[in-house]
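Topology and contacts: notes
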Amino acid sequence: PKIRQLRSNHEEEIERLRREALREIDSFKLQLFKSSNERFKLEARKIRDEERSRMDKYEQEWMVKHEALRMEHEAEMKRVREEYLETMEYSEKQFEAEMRKCIDQHEIDLEYSKNSIEI
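Residues numbered from 1 in each chain as written. Predicted model: local features only at pLDDT ≥ 70, side-chain atom pairs only at ≥ 80, totals over all residues. Heavy atoms only, no water.

1. Observations regarding the overall build of the protein chain
Within the protein chain, the secondary structure is distributed over one helix and zero strands. Radius of gyration (C-alpha) of the protein chain: 50 Å, far over the 14 Å computed for a compact globule of 119 residues. Principal axes of the C-alpha set define a box for the protein chain whose edges measure 175 × 15 × 5 Å. In the protein chain, buried positions account for 1% of the 119 residues. Between the centroid of the 26 positive side chains of the protein chain and the centroid of its 31 negative side chains there is a distance of 21 Å. (Helix = DSSP H or I, 4+ residues; strand = E, 2+ residues; numbered from the N terminus. Rg over C-alpha atoms; globule rule 2.2 N^0.38 Å. Buried < 20%, exposed > 50% of the residue type's maximum accessible area, 1.4 Å probe, protein only. Lys, Arg positive; Asp, Glu negative; His and termini not counted. Charge placed at Lys NZ, Arg CZ, Asp CG, Glu CD.)

2. Re the pattern of salt bridges
Scanning the model with the defined rule gives 13 salt bridges in all. A salt bridge links E13 to R16; its shortest N-O distance comes to 2.3 Å. Of the two residues, E13 and R16 both sit in helix α1 (residues 2-118), three residues apart, roughly one turn of that helix. On the basis of relative accessible area, R16 is assigned to the partly exposed category, the value being 34%. A salt bridge links E61 to K57; the shortest N-O distance between them is 4.0 Å. One end of the pair, E61, and the other, K57, are both in helix α1, four residues apart, so they sit about a helical turn from each other. Take E61: its relative accessible area is 43%, and that puts it in the partly exposed class. (Salt bridge = Lys/Arg side-chain N within 4 Å of Asp/Glu carboxyl O.)

3. Overview of a nonpolar patch on the surface
A grouping of Y84, L85 and M88 is seen on the molecular surface, where their side chains present a nonpolar patch of about 320 Å² in accessible area. Within the element layout of this structure, Y84 appears in helix α1. (Patch = residues over 30% accessible without salt bridge, like charges linked within 9 Å, V, L, I, M, F, W, Y side chains within 5 Å. Areas by Shrake-Rupley, 256 points an atom, 1.4 Å probe, with all protein chains shown as cover.)

4. So, the environment of Q31
Relative to the helices and strands, Q31 is located in helix α1. Once the C-alpha coordinates of Q31 and M71 are considered, the two residues, 40 residues apart in sequence, prove to be 59 Å apart.

Structure representation (structure tokens):
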């Protein structure tokens, strides 16, 4: 009987130690899972930050490129406008010269006609 009781006590102690060991293992598994989960979150955050940074860089490059194109376009429009104004001014002067020439010729012709009629 005493041996049975000792055996029973030992079995209970062994069972208690086994349960305690299982709890510790579960605790370690939980800690490992938390640690792994945290590393995953950190890695995912790092990837998102890198992606955001890369997209910001592309956006900045795009803005610089399009600002340069806009400035080139404005310069081209200014040049074309100035050429147009110069052409208009030249055309007006030519028109005025041709008109003056026609008026002068007409006056000469009128003068000649008057002189012809008087003779």
